Amino acid sequence: PGATPVALKNQVRLSARATQATGLKTGDLVAAEAFLESPRAERFPGDFNYQRWAFYKALSATGHVRGDLYITPAETLDWSWQGWRETLSAQLYDHLGQTTGAAVLVALTTGIRTYIPPPLVDAYQDSGLAHLMAISGMNLAAVGGLLYALGRWLWACVPWLALRWNGKKPAAVLGVLAAGGYMLVAGAEIPTVRAFIMLGVLFLAVLIERVRIALRVLILAALVLALLWPEGVLTASFQMSFIAALSLILWAHWRELGWQSEVRLMHGISYIQAVWSTSVVAGLATLPLAVWHFQNYSVVGFMANLLAVPLMGLVTTPLALVGYAISPWWGLEALWPAAASLNWLNQLALSAAQWQGAGLHLPSQF
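None of the values given here were measured: they were computed from a predicted structure. (Residues numbered from 1 in each chain as written. Predicted model: local features only at pLDDT ≥ 70, side-chain atom pairs only at ≥ 80, totals over all residues. Heavy atoms only, no water.)

Attention shifts here to helix H9 (residues 214-228). In this model, H9 (15 residues) spans 21 Å end to end at C-alpha, consistent with the 21 Å of a helix rising 1.5 Å per residue. Those residues of H9 that sit buried are Val-217, Leu-218, Ala-221 and Leu-225. Projected down its long axis, H9 carries its buried residues within an arc of 100 degrees, all on one side. Opposite its buried face, H9 presents the exposed residues Arg-216, Leu-223 and Leu-227, each directed more than 90 degrees away. (Helix = DSSP H or I, 4+ residues; strand = E, 2+ residues; numbered from the N terminus. Expected span 1.5 Å × (residues − 1). Buried < 20%, exposed > 50% of the residue type's maximum accessible area, 1.4 Å probe, protein only. Arc of directions from axis to C-beta.)

Tracing the sequence through the fold places Ser-241 in helix H10 (residues 236-256). At 3.0 Å, the side chain of Ser-241 and the side chain of Arg-194 are in polar contact. Dropping the residues within four chain positions of it, Ser-241 is found in contact with Pro-191, Arg-194 and Ala-236. (Polar contact = N/O pair within 3.5 Å; in protein donor to acceptor, adjacent residues only side chain to side chain. Contact = heavy atoms within 4.5 Å.)

Here 3 strands make up an open sheet; going across it, the order is E1-E3-E2 and the pairing mixed. Since the sheet does not close on itself, it has two edges, and those belong to strand E1 (11-15) and strand E2 (29-37), each with one partner. Going across the sheet, the axis of each strand differs from the next one's by a mean of 45 degrees, ignoring polarity. For E1 and strand E3 (residues 59-72), the ladder comprises 5 bridges, and the chain directions are parallel. Its bridge partner lying in E3, Val-12 is registered against Ala-61. (Pairing = 2+ DSSP bridges. Axes fitted to C-alpha atoms, helices over the stretch in contact; angles between N-to-C directions.)

The next point concerns unusual backbone geometry. Unusually for a residue other than glycine, Gln-98 sits at a positive phi of about 55 degrees. Inspection of the secondary structure assignment puts Gln-98 in the loop between helix H2 (81-95) and helix H3 (100-110). We classify Gln-98 as partly exposed; its relative accessible area is 47%. Even without being a glycine, Glu-209 presents a positive backbone phi close to 60 degrees. Here Glu-209 shows up in the loop between helix H8 (190-208) and H9.

A few words on the side chain of Asn-139. Position of Asn-139 relative to the elements: it lies in helix H5 (residues 137-156). Classification of Asn-139 by relative accessible area gives buried; the value is 10%.

Moving on, we come to the pattern of salt bridges. Using the criterion set out here, one finds 1 salt bridge in the structure. The salt bridge partner of Lys-169 is Glu-209, with a shortest N-O separation of 3.3 Å. Here Glu-209 lies in the loop between H8 and H9 and Lys-169 lies in helix H7 (residues 168-185), a separation of 40 residues in the sequence. On the accessibility criterion, Glu-209 (57% relative accessible area) is exposed. (Salt bridge = Lys/Arg side-chain N within 4 Å of Asp/Glu carboxyl O.)

Another aspect to go through is the packing of H2 against H3. One can describe the packing of H2 onto H3 by two numbers: an axis separation of 9 Å at closest approach and a directional angle of 155 degrees. Relative to H3, H2 is oriented roughly antiparallel. Once H2 is placed against H3, the crossing between them reads as right-handed. Across the interface between the two elements, Arg-85, Leu-88, Ser-89, Leu-92 and Tyr-93 of H2 pack against Ala-102, Ala-103, Val-106, Thr-109 and Thr-110 of H3. (Parallel < 35°, antiparallel > 145°, perpendicular 65-115°, else oblique. Left-handed = near helix turned anticlockwise from the far one by under 90°.)

This part covers the packing of aromatic side chains. Tallying each qualifying case throughout the model produces 4 aromatic pairs. An angle of 40 degrees between the planes, with centres 5.5 Å apart, marks the rings of Tyr-148 and Phe-203 as tilted. Of the two residues, Tyr-148 sits in helix H5 while Phe-203 sits in helix H8, which places them 55 residues apart along the sequence. Phe-203 carries the same exposure label as Tyr-148, and that label is buried. Centroid distance Phe-238 to Phe-242: 4.6 Å. Interplanar angle 35 degrees. Geometry classified as tilted. In this pair, Phe-238 and Phe-242 are both assigned in helix H10, 4 residues apart and thus about one turn of the helix distant. The burial state of Phe-238 is the same as that of Phe-242; both residues are buried. (Phe/Tyr/Trp six-rings, centres within 6.5 Å; stacked < 30°, edge-to-face > 60°.)

When a protein is soluble and globular, its nonpolar side chains tend to lie buried together. The biggest cluster of nonpolar side chains holds 32 residues, and the ones touching the most others in it are Val-104, Leu-105, Ile-116, Tyr-124, Leu-129, Leu-342 and Leu-345. Contact partners of Tyr-124, with chain neighbours within four places excluded, come to Val-104, Leu-129, Ala-130, Met-133, Leu-345, Asn-346 and Ala-349. (Core = buried A, V, L, I, M, F, W, Y, C linked by side-chain atoms within 4.5 Å.)

Over its 20 residues, H5 runs 28 Å from end to end, which matches the ideal 28 Å to within 8%, given 1.5 Å per residue. Those residues of H5 that sit buried are Asn-139, Leu-140, Val-143, Gly-144, Tyr-148 and Gly-151. Take H5 and look down its axis: the buried residues cluster within an arc of 155 degrees, on one side only. Away from the buried face of H5 by more than 90 degrees, exposed residues Trp-153 and Ala-156 are located. Lining the buried residues of H5 we find H3, H7, H8 and helix H12 (301-330).

Turning to its location among the elements, Gln-354 is positioned in the loop between helix H13 (336-352) and strand E5 (360-361). We classify Gln-354 as exposed; its relative accessible area is 68%. As for Gln-354 and Ser-127, which are separated by 227 residues in sequence, their C-alpha atoms are 8.0 Å apart.

Okay, structure coming up:
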């Protein structure tokens, strides 16, 4: 009472007890007495710079609720995009039994990680598998690539169309629309937008029948993101995403110059070698940035990725895509197999986090 109102330029972040926020959703009106303060900078060497993080998130102040939280439910349904994402996340999590596998599936679908227990998040970080929870190139390529392949197959099933027009072009349009829709559902974070720009340009090259050069596409994505979010260039997600993509592009170019066997058995061995090598290349490329931004790293991530990447790429992703495709007829229960496979991935992350050399910390002064 008697305090002078202050207009805040950006958003604020308030912390409250979980029991107070039960049932809170986007669109509700909230009244509370809260203590606000400016985001703090580093208090000692190695401390997290919360002020810099808040600047990137456009937060003017942070604080916590004092006393009770009074919630007035929205009079109408919230038809905003964020409200729809939250509703979809809650339905997925509830229908799949509120397991950790369901929580990770929600994070991979909508980008909302609220349902993942903090110990599991730490286990993914310590085991070097945190990149699997980020929606980026592998996820968008799986969605766009599958719809592209499906579009080509459907086009080829109609001889009258297949003999007159190139089926690659309508399939490319279908693929980029699917990837774009997934990007919007996932929240359009920097790694996701980077992957979508690269995938979209590659599909555009198919439409106009031009040669695709991955390095030029990566540079174009970097320029677009730098124009849209200039401050994002300094964030860990921007730097690690582009460094990982650049290292893999250069590695793939060098690998193409090597000898390729025609023996099927050697193809299987080559796949295992590719999983291992890409994990090593991307891990080594992003290691300095991980130490710089988070002061921790894992030397067992290469071994953990050798098991986790095939599980995610060959089991979880196809099961999830098939589950979503048949969910209009079978309901969300069609995603049970995908959630079960993610339970295996969670167990792998928890086990790998206990290995020697996982979750190593390097003080910032070094």
